[in-house]
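These are the residues of each chain, in order.
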Amino acid sequence: MNASLRKFIFNDLQTVEGYIDPPDALVYLSLLQAQDKAGMGGGVAEIGVFYGRSYYLMKKIVGDAGKVLAIDLFDLGEAADGTPTQYQRFLDYGKRLGLTVDQDLVIKGDSTRLRPSDITDRLGRVRFFSIDGGHMLGHVVSDAALATDALAEHGIIAFDDTFNPAWPEVTVGVADFLRERADTFSAFCMTKYKTYVCRRAFHDVYYRAIREAPDLAAFRHVDTQFLGSKTVRLHNPMGRRMVYELMVHAGMRGLSERVYR
Ligand SMILES: C[S@@+](CC[C@H](N)C(=O)[O-])C[C@H]1O[C@@H](n2cnc3c(N)ncnc32)[C@H](O)[C@@H]1O
């Protein structure tokens, strides 16, 4: 297991306002490290950064040598002069974590208006693409197509909020994506919040990486058939989730990591 990265995930990262929880953070860690081990290079990109919780996770994992591209409207919040506060808060969290944002690798704008070359010119081909931007069908369709066109052969796309009843169109968009590209793409992992897909030729590589990852050993690995491919569903029992939440609320973040060993 990765003691210092796990400490970062369970302590530091939880102080950044945002949405990625430890189970998916451990999946990001396991997949990026499996790619490193196999020499599968490339950049990392995210649509939907918010204040940077998943962005800083990826930054921390890939280190100084890696490139992480941030794409967001950055139009949230409002300062006294009416300008949005999101971008400054995003940068401030980075300073607090000791992680620097490479501002040449930030695109402020609507992801649905980007071309693949806007990404590949800055980053080269992408090995890991986190999609967590607009949550309506049009956004998901457009972001998935953009990610596909910028992806390395061995690239992974992580779709957020799949099967969340609050965002039904994400579910539709991801299912459409997998059905329309059934000959090339397949899902290999699902968590409570995210679905992870890759090109079919790499399905078994990533399926095994999830099955064998030491940092994911705490989860029950359940084989699930999803649109023609064997997908590992990482089940996180209610009991463990409750113990974790109680520990966090009791100020025991440092110890909460043990719950996921
Ligand atoms: C759920 S938040 C992302 C959470 C983040 N990944 C985290 O780990 O905390 C969604 C983000 O998507 C951004 N967004 C929404 N629509 C977008 C669009 N069309 N283009 C780019 N970003 C968009 C919003 O500004 C917001 O910051």
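Residues numbered from 1 in each chain as written. Predicted model: local features only at pLDDT ≥ 70, side-chain atom pairs only at ≥ 80, totals over all residues. Heavy atoms only, no water.

Peer 1: Describe the packing of aromatic side chains, naming the residues involved and giving the relevant values.
Peer 2: This structure, assessed with the given rule, holds 21 aromatic pairs. Centroid distance Tyr19 to Phe50: 5.4 Å. Interplanar angle 35 degrees. Geometry classified as tilted. Taken together, the residues span a long stretch of sequence, with Tyr19 in the loop between α1 (3-10) and α2 (22-37) and Phe50 in the loop between β1 (43-47) and α3 (53-62) at a distance of 31 residues. Residue class for Tyr19 comes out exposed when judged on its relative accessible area of 61%. You can call Phe50 partly exposed: its relative accessible area is 21%. Judged by centre distance (5.8 Å) and plane angle (65 degrees), the rings of Phe163 and Phe226 are edge-to-face. With Phe163 in the loop between β5 (151-160) and α7 (168-180) and Phe226 in strand β8 (residues 220-226), the pair connects residues that are 63 residues apart, well separated along the chain. With relative accessibility at 39%, the residue Phe163 sits in the partly exposed group. (Phe/Tyr/Trp six-rings, centres within 6.5 Å; stacked < 30°, edge-to-face > 60°. Helix = DSSP H or I, 4+ residues; strand = E, 2+ residues; numbered from the N terminus. Buried < 20%, exposed > 50% of the residue type's maximum accessible area, 1.4 Å probe, protein only.)

Peer 1: So, the site of the ligand: which residues are in play, and what are the values?
Peer 2: Neighbouring the ligand are 19 residues; Tyr19, Gly48, Ser54, Asp72 and Asp132 lie closest to it. One nitrogen or oxygen atom from the main chain of Ser111 is found 2.9 Å from a nitrogen atom belonging to the ligand. One of the backbone nitrogen or oxygen atoms of Gly134 is found 3.3 Å away from a nitrogen atom of the ligand. Using a 2 Å cut-off from the grid points, one finds that the ligand occupies the largest pocket. Residue classes in the shell around the ligand are distributed as five nonpolar, nine polar and five charged. (Near = heavy atom within 4 Å. Polar contact = N/O pair within 3.5 Å; in protein donor to acceptor, adjacent residues only side chain to side chain. 1 Å grid on protein atoms, 1.4 Å probe; cavity = no way out; pocket = protein on both sides within 12 Å on 5 of 7 lines; lining within 4 Å. Sits in = over half its atoms within 2 Å of the grid points. Nonpolar A, V, L, I, M, F, W, Y, C, P; charged D, E, K, R; others polar.)

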